[in-house]
Amino acid sequence: MTKLQNKIDFAAVLCVNRANANGDPLNGNRPRTDYNGYGEMSDVCIKRKIRNRMQDLGQPVFVQSEDRCDDGFGSLSERASSVLKGIKDRELYAKTACETWLDVRTFGQVFAFKDSSKGVSVGVRGPVSVHQAISVSPVEVESLQITKSVNGEKGEKGGNRTSDTMGMKHFVRFGVYVVKGSINVQLAEKTGFSYEDAQIVKECLRTLFVNDASSARPEGSMEVVKLYWWEHNCKDGQYSSAKVHRSLTITPKDPSRIPESLEDYVITVQPLEGLEPEILDGV
């Protein structure tokens, strides 16, 4: 493994076309929006997709979805105990966890589980930070009334539809979102996050929606258009992450009309002296 020596900033431009990018369970699973109508994807949602892609690439992952569990463990506690049980030294506990699971040394993890014996509570800070994804323009959220063709439960009178046959489906008509993030070298040194690990994260971001299709996100409705990857020449970075992220600008060609496709936007990267981004096409 090659030690990560230079800070990295990244930004991914996403297209959402008649899909629910990230439903809000406290709002009827409608796509998340702020008070000004801009679409949102939580950082937790994005990290979940990155972890799924890590698994697809054959990497060991600690926080696995129940429907994607590949080791037979039914909880995080069971998975942690299978590797870390009996380790009482906090530093060794964290080091072993980071060596075992890629997502732990990437995003960090809090290990604090109930145990019949006196356990160890350990927190790991990960070097990869991911912001909430925000849409470039306000998004239009549409809703469809949907019905099942058959009752889930028997009705009081045969043949009558019960209330569980009715439902709603929500989606964003069209939106362009931007995911921003950074990789901190000092924290990478503590978790053992390597340059090769950074390349895996890059590939996960580039292919974020591969194997992610569902009824809320039909195949092709979510797309990574471009991935911008800035590798600095020093640990602390030549520029602040905020300045690097601001160098990527996406503006509507015609502010008087609602954008309906990526072609309605102009994407530019303002030059930063001595720092050129690697620009990759997404999938």
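First, a word on what this report is: a plain description of the structure on this page.

Thresholds, definitions, all that
Residues numbered from 1 in each chain as written. Predicted model: local features only at pLDDT ≥ 70, side-chain atom pairs only at ≥ 80, totals over all residues. Heavy atoms only, no water. Phe/Tyr/Trp six-rings, centres within 6.5 Å; stacked < 30°, edge-to-face > 60°. Helix = DSSP H or I, 4+ residues; strand = E, 2+ residues; numbered from the N terminus. Buried < 20%, exposed > 50% of the residue type's maximum accessible area, 1.4 Å probe, protein only. Axes fitted to C-alpha atoms, helices over the stretch in contact; angles between N-to-C directions. Parallel < 35°, antiparallel > 145°, perpendicular 65-115°, else oblique. Left-handed = near helix turned anticlockwise from the far one by under 90°. Contact = heavy atoms within 4.5 Å. Nonpolar A, V, L, I, M, F, W, Y, C, P; charged D, E, K, R; others polar. Disulfide = S-S within 2.5 Å. Expected span 1.5 Å × (residues − 1). Polar contact = N/O pair within 3.5 Å; in protein donor to acceptor, adjacent residues only side chain to side chain.

Quick look at the packing of aromatic side chains
So, point 1. Applying the stated criterion across every chain, the model contains 5 aromatic pairs.
So, point 2. Plain terms: the ring middles of F62 and F111 are 5.1 Å apart, the flat faces sit at 50° to each other, and that makes the pair tilted. Placement of the pair is F62 in the loop between α1 (43–56) and α2 (76–84) and F111 in strand β5 (residues 108–111), with a sequence separation of 49 residues.
So, point 3. Under the relative-accessibility criterion, F62 is labelled buried at 0%.
So, point 4. Here F111 falls in the buried class, since its relative accessible area comes to 0%.
So, point 5. The structure contains a cluster of three or more aromatic residues connected by ring pairs, namely F62, Y93, W101 and F111.

Some remarks on the packing of α1 against helix α6 (residues 195–206)
So, point 1. In contact at an axis separation of 9 Å, α1 and α6 are set at 110° when each is read in the N-to-C sense. Considering their axes alone, α1 and α6 lie roughly perpendicular with respect to each other. Helix-helix and strand crossings are classified by hand; for α1 and α6 the assignment is right-handed. Taken together, the residues of α6 that come into contact with α1 (itself represented by I50, R53 and M54) are V201, C204 and L205.

Observations concerning helix α3 (residues 90–100)
So, point 1. Among the residues making up α3, those that are buried are Y93, A94, T96, A97 and C98.
So, point 2. Check the buried side of α3 and you find it contacts α2, α4 (102–107), β5, β6 (122–125) and α5 (185–191).

Digging into the packing of α2 against α3
So, point 1. Between α2 and α3, the least distance of the axes is 10 Å, while the angle of their chain directions is 105°. As summarised for this structure, α2 and α3 are arranged roughly perpendicular, according to the angle between their axes. Of the residues in α3, those in contact with A80, V83 and L84 of α2 are Y93, T96, A97 and T100.
So, point 2. Taken together, the residues of the contact of α2 with α3 break down into 5 nonpolar, 2 polar and no charged.

Section: the state of the cysteines
So, point 1. The final tally for this structure, using the stated rule, is 0 disulfides.
So, point 2. For C98, which is in no disulfide, the shortest distance to another cysteine sulfur is to C204 and amounts to 17 Å.

Quick notes on α6
So, point 1. Taking 1.5 Å of rise per residue, 12 residues should cover 16 Å, and α6 covers 17 Å from first to last C-alpha, within 8% of that figure.
So, point 2. Listed as buried for α6 are D197, A198, I200, V201, K202, C204 and L205.
So, point 3. Packing partners of the buried residues in α6 comprise β1 (8–19), α1, α4, β10 (166–183), β11 (222–231) and β14 (278–281).
So, point 4. The N-cap residue of α6 is S194: its side-chain oxygen and the backbone nitrogen of E196 are 3.4 Å apart.

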